[in-house]
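# Descriptive analysis of the structure
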Amino acid sequence: MEWIYVVIAGLLEVLSINYMNKWQLVKHLGLKKSGILIIKMVLAFVTSLLLLNLALKTLPMSITYAVWSGIGSVGGVLVGIIRYGESANWKRLVCIAMILSSVVGLKLVS
């Protein structure tokens with residue numbers, strides 16, 4: 001169950017990064033809906049950290065944090081590529097693969 005908390009916490013981290021980017025776009029355009037995005041972003045961040053805290057009660061900190069931050073890092077890059085048209089060149093994709101393989105490697109050797 002704790003690993004489910006970690007995965008959900010990582011996905012909420014990605015969601016909050018997405019809200020942060022949307023907030024910047026809305027703010028840049030001068031629209032009035034930025035307050036709702038800030039509330040959603042804060043709720044996603046807080047919920048992510050609470051779930052991470054629950055998982056850390058029984059899981060080792062080193063691996064748990066690596067998985068959580070790996071999900072957040074890779075997810076943030078993928079959201080940027082898919083949703084916001086950021087570059088998907090081979091160098092970025094290789095770096096994503098290295099993050100993923102490092103997290104999996106840490107989990108396998110622990």
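Heads up: the structure comes first, above all this text.
Values in this document were obtained by computation on a predicted structure and should not be read as measured data. (Residues numbered from 1 in each chain as written. Predicted model: local features only at pLDDT ≥ 70, side-chain atom pairs only at ≥ 80, totals over all residues. Heavy atoms only, no water.)

Now for the packing of helix α1 (residues 2-29) against helix α2 (residues 34-56). Following both chains from N to C, one finds α1 and α2 inclined at 160°, their axes separated by 8 Å at the closest point. Classed by the angle they form, the pair α1 and α2 counts as roughly antiparallel. The interaxial crossing formed by α1 with α2 has left-handed handedness. For the contact of α1 with α2, the class distribution of residues is 18 nonpolar, four polar and four charged. (Axes fitted to C-alpha atoms, helices over the stretch in contact; angles between N-to-C directions. Helix = DSSP H or I, 4+ residues; strand = E, 2+ residues; numbered from the N terminus. Parallel < 35°, antiparallel > 145°, perpendicular 65-115°, else oblique. Left-handed = near helix turned anticlockwise from the far one by under 90°. Nonpolar A, V, L, I, M, F, W, Y, C, P; charged D, E, K, R; others polar.)

Let's shift gears to the packing of aromatic side chains. Applying the stated criterion across every chain, the model contains one aromatic pair. Look at Y65 and W68: their rings are 5.5 Å apart centre to centre, the planes differ by 45°, and that puts the pair in the tilted class. Placement of both Y65 and W68 in helix α3 (residues 61-84) is noted, with a separation of three residues, approximately one turn of the helix. Here W68 falls in the buried class, since its relative accessible area comes to 9%. (Phe/Tyr/Trp six-rings, centres within 6.5 Å; stacked < 30°, edge-to-face > 60°. Buried < 20%, exposed > 50% of the residue type's maximum accessible area, 1.4 Å probe, protein only.)

It is worth spelling out the nonpolar core at this point. Counting residues in hydrophobic clusters, the biggest one holds eleven residues: V6, A9, L12, L51, L52, A55, L59, I63, V67, W68 and V103. Those elements that provide at least two residues to this core are α1, α2 and α3. Counting five residues, the second largest nonpolar core, distinct from the first, contains W23, V26, L37 and M41. (Core = buried A, V, L, I, M, F, W, Y, C linked by side-chain atoms within 4.5 Å.)

Okay, the layout of surface pockets next. Estimates place the volume of the largest pocket at around 160 Å³. What lines the largest pocket is simply L11, V14, V67, G70, I71, V74, G75, L100, V103 and V104. Elements with a minimum of two residues in the lining of the largest pocket: α1, α3 and α4 (90-109). Ranked by residues supplied to the lining of the largest pocket, first place goes to α3 with five residues. Broken down by class, the residue content of the lining of the largest pocket amounts to eight nonpolar, two polar and no charged. (1 Å grid on protein atoms, 1.4 Å probe; cavity = no way out; pocket = protein on both sides within 12 Å on 5 of 7 lines; lining within 4 Å. Points joined across faces, edges and corners; volume = space filled by probe spheres on them.)

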